[in-house]
Amino acid sequence: MFDNQNLQQSEPQKFKSEDLKSEEMIVNIGPQHPSTHGVLRLEVITSGEEIVDVVPHLGYLHRCFEKHAESLPYNQTLPFVDRMDYLAAMNSEHAFVMGVERMLGIENTIDKRIEYIRVLVAELNRLASHFIALGTYAMDIGAITPFPWMLRDREHILRLLEWASGARMLYNYIWVGGLFYDLPVGFEERCLEFCQYIKPKLKEFDEVVLQNKIFVDRTANVGILPADLAINYGITGPMLRGSGLKFDLRKVDAYSVYPEIDFEVPVGKGEMGTLGDCWDRTSVRMLECYESVKIIEQCLTKLTGDHKRTRDFDPRATVPKKIRPKAQDFYVRAENPKGETGFFFRADGRSDIPFRCKARGASFVNLSILGELSKGGLIADMVAVLGSIDIVLGEVDR
Amino acid sequence: MTFEAIISKLKAEFGEGLVVSIDETASPNCLEVHADRLVETMEYLHQTEGLYFDSLSCITGLDNGPEAGTMEVIYNLYSIPCDHHLMVKVTLSRKEPVLDSLTPIWKTADWQEREVYDLFGIHFNNHPDLRRILLPADWEGFPLRKDYEHQTYYRGVKVAE
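In this report, the structure presented in the accompanying data block is examined. (Residues numbered from 1 in each chain as written. Chains lettered and ligands numbered in written order. Predicted model: local features only at pLDDT ≥ 70, side-chain atom pairs only at ≥ 80, totals over all residues. Heavy atoms only, no water.)

What about the overall build of chain B?
Within chain B, the regular secondary structure consists of 4 helices and 9 strands. Reading the helices (α) and strands (β) of chain B from amino to carboxyl end gives α-β-β-α-β-α-β-β-β-α-β-β-β. Out of the 161 residues belonging to chain B, those deemed buried represent 55%. Of the roughly 6,900 Å² of accessible surface on chain B, 49% is carried by carbon and sulfur atoms. Here chain B holds 14 positive side-chain charges and 27 negative ones, and the gap between their average locations is 6 Å. (Helix = DSSP H or I, 4+ residues; strand = E, 2+ residues; numbered from the N terminus. Buried < 20%, exposed > 50% of the residue type's maximum accessible area, 1.4 Å probe, protein only. Areas by Shrake-Rupley, 256 points an atom, 1.4 Å probe, with all protein chains shown as cover. Lys, Arg positive; Asp, Glu negative; His and termini not counted. Charge placed at Lys NZ, Arg CZ, Asp CG, Glu CD.)

Okay, here's the thing in structure tokens:
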């Protein structure tokens, strides 16, 4: 039986119904609701159809990542990193591994082929993550068909990554100092075929969904986020770029082999409504898909050309036997599909276990603006705003 | 702007006493200030031309354990227009970990400070809404403290070993 007393003690509402005005009421959305994209509970104060306030309640998927990381060596923490943003595990792995390698001072000894493979799989995963974001967003807005389309195309990517790493979503593929394994024979050709296959599909999605009148009416001029407010809220990733700021850590920090690759950073332009609305954010994700395909093709050219596979290439050759960084504080950040993923490490220099490992989840920080963006709008608009933030609860709660 | 330039600019504004210590092995380089001078330092870093740290990327809590008797809060700042980084650190006593909130300067501090409060029990003055964020409101103790021992039962359910 539902026991309200328990709920009031463990996860109390911020607002009490006796404090509300007579026309206002509390509506609970979630934690099990399709439009919350996971186990997120929203305490919504409504006045009729209009939203007075939104209070997100988190923690339903809290898996103590930071506590675990304090008791495990760096290389054994990697599978936990996968499970944070489980839709883009490769990207989080890449960020984490990059941080540990820089602490060890071995980031320049990594073979170029390894770096290109890392960027290749990370961009494939970025595509997969954006496909979920776009597909579920269309479904939030009321279009059912694009979602299975996107899942179908994402499955091609997951199969490619499964072929390389052995797992569909949680890979543990990028290791500190190397890779779990070289790409399987024939991977480059199959991946190129996939690129040829996906380009018309992206265009189709663009035309059918993003240019669709109903979709534009639901998303343009909704949830407008000015760039200065976004920065103050720590917003990063496609959300920040949707507000018109050309800020991409792949360009700004120029990590890995990204400086050798030619790609654009798409930004929102307010084409359909006001700059920084939900449509702009979605359009940035759509355009980033094209850019990711471009990056993948360039990586494949390199991987079959300058850095092609050789018989004696061993991606584990530079994997350190013992990972023991010098005593230091270190913050590393990288551009994930959702935004800036950061890791703060404190190494004590005596053990191969970090004294402290903090994960800065992009979804967690991005979600904090939900209340600000939805106030004064309709409930349906709040769903549109939440979808355009693109959260993964694994990363919000960690 | 280089780390040295930032430090000398801060010293010129607030005097030599502001900077408790400097850690150049940290990446980005780290500056430690007194907890009671944190807000004015951050305000200066946020608003001064040439510094303009408009983005607070990450707030990390840290417990040095009961022997050391201290806790730390570490702020990672980044300036988007000037493209420079800074790490700012404060050390607190473990007995009474209290700090002023940075929510008046950066809205992003709201949730990140709530997370530090939730996992370390560090209290933030002037925070608009200091509630637990990840754990249930009636959870006992602060899990990321080094001497944390979890409760055996939570609402009649055995907590895993």
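Regarding unusual backbone geometry
All names here are of chain B. The peptide bond linking Ser27 to Pro28 adopts the cis configuration, its omega dihedral lying at -5°. When you line up the elements, Pro28 lands in the loop between strand E1 (19-23) and strand E2 (30-33). Unusually for a residue other than glycine, Tyr52 sits at a positive phi of about 45°. Here Tyr52 shows up in the loop between helix H2 (38-47) and strand E3 (55-63). Taking relative accessible area as the criterion, Tyr52 reaches 39% and is therefore assigned partly exposed. Look at Asn126: it is not a glycine, yet its phi comes out positive at around 60°. Considering the arrangement of structural elements, one finds Asn126 in the loop between strand E7 (123-125) and strand E8 (153-154).

Some words on the environment of Leu102 of chain B
All names here are of chain B. Among the structural elements, Leu102 can be located in the loop between strand E6 (98-100) and helix H4 (109-120). Taking relative accessible area as the criterion, Leu102 reaches 0% and is therefore assigned buried. Expressed as a C-alpha distance, the spacing of Leu102 and Glu43, which sit 59 residues apart in the sequence, is 8.8 Å. Once you skip the residues sitting within four places of it in the chain, Leu102 turns out to touch Leu38, Val39, Met42, Tyr75, Ala109 and Glu113. (Contact = heavy atoms within 4.5 Å.)

Some remarks on the packing of aromatic side chains
Inspection of the entire model under this criterion finds 17 aromatic pairs over all chains. With a centroid separation of 5.4 Å and 70° between ring planes, the pair formed by Phe96 of chain A and Phe345 of chain A is classed as edge-to-face. Taken as a pair, Phe96 of chain A in helix H4 (residues 89-104) and Phe345 of chain A in strand E9 (residues 340-347) lie far apart in primary sequence, 249 residues in all. Each member of the pair, Phe96 of chain A together with Phe345 of chain A, is buried. Here the aromatic rings of Phe247 of chain A and Tyr78 of chain B are separated by 6.0 Å at their centres, their planes lie at 40°, and the arrangement is tilted. Linking Phe247 of chain A in the loop between helix H10 (238-242) and helix H11 (249-252) with Tyr78 of chain B in strand E4 (residues 70-79), this pair reaches from one chain into another. Each member of the pair, Phe247 of chain A as well as Tyr78 of chain B, carries the same accessibility label: buried. Through pairs of rings, three or more aromatic residues link up here, namely Phe65, Tyr74, Phe96, Phe343 and Phe345 of chain A. The positively charged end of Arg250 of chain A is found above the aromatic ring belonging to Tyr258 of chain A, 5.9 Å away from the centroid. (Phe/Tyr/Trp six-rings, centres within 6.5 Å; stacked < 30°, edge-to-face > 60°. Lys NZ or Arg CZ within 6 Å of the ring centre and 35° of its normal.)

As for the packing of helix H12 (residues 278-304) of chain A against helix H15 (residues 379-389) of chain A
All names here are of chain A. Put simply, H12 and H15 touch, their axes get as near as 9 Å, and they point 30° apart. Here H15 runs roughly parallel to H12, going by the angle between their axes. For the pair H12 and H15, the sense of crossing is left-handed. Every residue of H15 that contacts H12 at Cys278, Arg281 and Arg285 is listed here: Ala384, Val385, Ser388 and Ile389. In the contact of H12 with H15, the residues fall into 4 nonpolar, 1 polar and 2 charged. (Axes fitted to C-alpha atoms, helices over the stretch in contact; angles between N-to-C directions. Parallel < 35°, antiparallel > 145°, perpendicular 65-115°, else oblique. Left-handed = near helix turned anticlockwise from the far one by under 90°. Nonpolar A, V, L, I, M, F, W, Y, C, P; charged D, E, K, R; others polar.)

Considering the nonpolar core
Core analysis: the biggest nonpolar cluster contains 158 residues, and Phe343 of chain A together with Tyr75 of chain B have the highest contact counts within it. At 15 residues, helix H5 (residues 112-141) of chain A tops the list of elements feeding residues into this core. Setting aside residues no more than four positions away along its own chain, Phe343 of chain A makes contact with Phe65, Val81, Met84, Ser92, Ala95, Phe96, Phe330, Tyr331, Val332, Cys357, Lys358 and Ala359 of chain A. Counting residues in hydrophobic clusters, the runner-up holds 8 residues, among them Cys30, Cys58, Leu62 and Met87 of chain B. (Core = buried A, V, L, I, M, F, W, Y, C linked by side-chain atoms within 4.5 Å.)

Description of the interface of chain A and chain B
With 43 residues of chain A at the interface, the matching set in chain B holds 48 residues. Taking both partners together, chain A and chain B bury about 3,700 Å²; carbon and sulfur atoms supply 56% of that area. The largest per-residue losses of area from chain A upon contact with chain B belong to Asn232, Tyr331 and Phe364 of chain A, which jointly make up 15% of the total buried on that side. Salt-bridge contacts for Glu115 of chain B lead to Arg398 of chain A; the nearest nitrogen and oxygen are separated by 3.1 Å. Our enumeration of links across chain A and chain B arrives at 17 residue pairs in polar contact (both at pLDDT 80 or more). At 5 residues, strand E8 (residues 328-335) of chain A tops the list of elements feeding residues into the side of chain A that touches chain B. For the side of chain A that touches chain B, a count of residues per class yields 19 nonpolar, 10 polar and 14 charged. (Buried area = accessible area lost by both parts, 1.4 Å probe. Salt bridge = Lys/Arg side-chain N within 4 Å of Asp/Glu carboxyl O. Polar contact = N/O pair within 3.5 Å; in protein donor to acceptor, adjacent residues only side chain to side chain.)

A few points about the sheet that holds strand E10 (residues 356-360) of chain A
Residues and elements named next belong to chain A. Overall, antiparallel pairing links the 3 strands, which are arranged E8-E9-E10 in an open sheet. In the strand order of this sheet, the two ends are held by E8 and E10, each with one partner. Along the sheet, successive strands turn relative to each other by an average axial angle of 10°, direction set aside. For E8 and E9, the ladder comprises 8 bridges, and the chain directions are antiparallel. Bridged to Arg333 within E9 is Gly342. Of the strands in this sheet, E8, E9 and E10 are in contact with H4, which crosses E8 at around 145°. (Pairing = 2+ DSSP bridges.)

Things to note about the pairing of E8 of chain A
Residue and element names in this part refer to chain A. Burial analysis of E8 places 8 of its 8 residues in the buried class, the great majority of the element. The alternating pattern of E8 places Gln328, Phe330, Val332 and Ala334 on one face and Asp329, Tyr331, Arg333 and Glu335 on the opposite face, and all of these are buried. Hairpin connection, E8 to E9: the antiparallel pair is bridged by 4 residues, and Gly339 has positive phi, about 145°.

Honestly, it's all geometry; don't read function into it.
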